[in-house]
Amino acid sequence: MSEFSRIPALTLLPAVDVAGGKAVRLTQGEAGTETSYGDPVDAALEWANDGAEWIHLVDLDAAFGRGNNRKMIQKVVKAVPRHVNIELSGGIRDDKSLEAALATGAKRINLGTAALENPEWAAHVIAEYGEAIAVGLDVRGTTLAARGWTEEGGDLWHVLERLEEAGCARYVVTDVTKDGTLNGPNLELLRDVMERTHRPVIASGGVSSLDDIAALRELVPLGLEGAIVGKALYAGAFTLPEALDVAGN
């Protein structure tokens, strides 16, 4: 048995980003860079049929504050088999939007801007819902990005310390400059975050090849739990079954 095969498996979360009712991918998270990939339900079912245990579902319009795709999100969650878990993100910033997100049946909710702008509310939600809540840390350098990555949201390490005190169960770490670029993940950023928390971390942004997935799997012993994969799958850089094989699933 090779050394690599002894490394615990990395969970892969294929992404379905929804804007205007369509599955899309952005470049560096910028509005206006959308490439459409058709029906979000079809995309989610494809990943489910290919072996995904989790799907990372994002309401981009809600994240950008330009409406929402709530009905489509509900359709996607209902369409996938029960054994496939949904991690839902985008525009969840108050009790009403959180309750609506939980009502879809999503297994886990990602908080983004709200965790930066409304720390007291975020701490309350983390305390109440525990494992059902993850916080997305979207980063340029060490500066967090908020409101669909259009505004600065504070210093990464200061916010992480506050979230640790609140008992945050899990972090989704995105290098905004890598997202949708197929330029490889920011392994150094991930290591830096994992040095400062004992909570599981999910990587997001930049995965372009099976080698990238292998490199991320090598971080599992340090606390990396999973990786979100988007553009590389849609662009055909590799198939999900191939990626799951490298990830150890």
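Just so you know, the residues in each chain are numbered from 1, in the order the chain's sequence is written. Per-residue local features of the predicted model are confined to residues with pLDDT of at least 70, and side-chain atom pairs are confined, for both listing and counting, to 80 or more; whole-chain, interface and lining totals are unaffected and use all residues. Excluding hydrogens and water, the side-chain values take into account all heavy atoms of the structure.

**Observations concerning the pairing of strand S4 (residues 54–59)**
Next up, step 1: Counting buried residues in S4 gives six out of six residues, a clear majority hidden from the surface.
Next up, step 2: Relative accessibility thresholds used throughout: buried, under 20% of the residue-type maximum; exposed, over 50%; partly exposed, between the two (1.4 Å probe, protein chains only). Secondary structure follows DSSP: runs of H or I at least 4 residues long count as helices, runs of E at least 2 residues long count as strands, and numbering of each begins at the N terminus. Side chains of S4 alternate between two faces, with Trp54, His56 and Val58 and Ile55, Leu57 and Asp59 buried alike.
Next up, step 3: Direction of pairing for strand S1 (residues 11–19) relative to S4: parallel, over a ladder of four bridges. Across the sheet, Ala15 pairs through a bridge with His56, a residue of S4.
Next up, step 4: Across five bridges, the pairing between S4 and strand S5 (residues 85–89) is parallel. The residue bridging Trp54 from the neighbouring strand is Asn85, located in S5. Pairing between two strands requires that DSSP report at least two bridges joining them.

**Overview of helix H7 (residues 119–129)**
Next up, step 1: For H7, the complete set of buried residues consists of Trp121, Ala122, Val125 and Ile126. For H7, the angular spread of buried residues about the axis comes to 135 degrees, placing them on one side. Residues of H7 that are exposed and point more than 90 degrees away from the buried face comprise Glu120 and Ala127.
Next up, step 2: Lining the buried residues of H7 we find helix H5 (95–103), strand S6 (108–111), helix H6 (113–117), strand S7 (133–140) and helix H8 (156–166).
Next up, step 3: Downstream of H7 by one or two residues, Gly130 has phi in the positive range, about 55 degrees. The directions considered for the arc run from the helix axis to the C-beta atoms. The criterion used for residue contact is that any of the two residues' heavy atoms lie within 4.5 Å.

**Some points on the UniProt feature "active site" (unreviewed entry) in the protein**
Next up, step 1: UniProt positions are given in the numbering used here, feature names are shortened, and annotations may be inferred rather than shown by experiment. The feature "active site" (unreviewed entry), as given by UniProt, occupies Asp17 and Asp138 in the numbering adopted here.
Next up, step 2: By the element assignment, Asp17 lies in strand S1.
Next up, step 3: Residue class for Asp17 comes out buried when judged on its relative accessible area of 9%.
Next up, step 4: Discounting chain neighbours no more than four positions away, the residues touching Asp17 are Lys22, Ala23, Val24, Arg25, Val58 and Leu60.
Next up, step 5: Relative to the elements of secondary structure, Asp138 occurs in strand S7.
Next up, step 6: Given the relative accessible area of 15%, Asp138 is considered buried.
Next up, step 7: A polar contact is formed between the side chain of Asp138 and the side chain of Thr174, at a distance of 3.5 Å. Think of a polar contact as two N or O atoms within 3.5 Å of one another; within protein, one of them needs to be a possible hydrogen donor and the other a possible acceptor, and neighboring residues in sequence only count if both atoms come from side chains.

**A closer look at the packing of aromatic side chains**
Geometry of an aromatic ring pair is reported as the spacing of the ring centres plus the angle between the planes.
Next up, step 1: Here a pair means two rings of Phe, Tyr or Trp (six-membered ring of Trp) with centres within 6.5 Å. Their orientation is stacked below 30 degrees between planes, edge-to-face above 60, and tilted elsewhere. Overall, the coordinates contain one aromatic pair when judged by the stated rule.
Next up, step 2: For the pair Trp47 and Tyr234, a centre-to-centre distance of 5.4 Å together with 85 degrees between the ring planes defines the contact as edge-to-face. Of the two residues, Trp47 is situated in helix H2 (residues 40–49) and Tyr234 in helix H11 (residues 231–234); the sequence distance between them amounts to 187 residues. The burial state of Trp47 is the same as that of Tyr234; both residues are buried.
Next up, step 3: In this arrangement the basic side chain of Arg108 is found over the ring face of Trp54, its NZ or CZ atom lying 4.1 Å from the centre.
Next up, step 4: Counting as a charge over the ring demands two things of the Lys NZ or Arg CZ atom: a distance within 6 Å of the ring centre and an angle within 35 degrees of the ring normal. The aromatic ring of Trp157 is capped on one face by Arg196, whose charged end is 3.9 Å from the ring centroid.

**Here's the deal with the nonpolar core**
Next up, step 1: Here the nonpolar core consists of buried residues drawn from Ala, Val, Leu, Ile, Met, Phe, Trp, Tyr and Cys, with membership extended through side-chain atoms lying within 4.5 Å. Counting 71 residues, the largest nonpolar core has Leu12, Val16 and Leu137 as the members making the most contacts within it.
Next up, step 2: Not counting residues within four places of it along the chain, the set of residues in contact with Leu137 comprises Leu144, Leu156, Val159, Leu160, Leu163, Tyr171, Val172, Val173 and Thr174.

**Considering the confidence of the model for the protein**
Next up, step 1: pLDDT runs from 0 to 100 and stands for how confident the predictor is about each residue. Averaged over all residues, the pLDDT of the protein is 90; the fraction at 70 or higher stands at 90%.
Next up, step 2: Looking at the elements of the protein, mean pLDDT is at its lowest for strand S9 (residues 151–155), recorded as 71, and at its highest for helix H12 (residues 240–247), recorded as 98.

**Looking at the pairing of strand S11 (residues 201–204)**
Next up, step 1: What you see with S11 is no split at all: Val201 and Ala203 on one side and Ile202 and Ser204 on the other are buried throughout.
Next up, step 2: Relative to S11, strand S10 (residues 171–175) runs parallel, the two sharing four bridges. Bridged to Val172 within S11 is Ile202.
Next up, step 3: The sheet contact formed by S11 and strand S12 (residues 224–229) spans four bridges and is parallel.

**Some words on H8**
Next up, step 1: The set of residues buried in H8 consists of Leu156, Val159, Leu160 and Leu163. Down the axis of H8, the smallest arc covering the buried residues is 100 degrees, so these residues share one side. Within H8, the exposed residues directed more than 90 degrees away from the buried face are His158, Glu161 and Glu165.
Next up, step 2: Where H8 begins, the capping side chain belongs to Asp155, and its oxygen is found 3.1 Å from the backbone nitrogen of Trp157.

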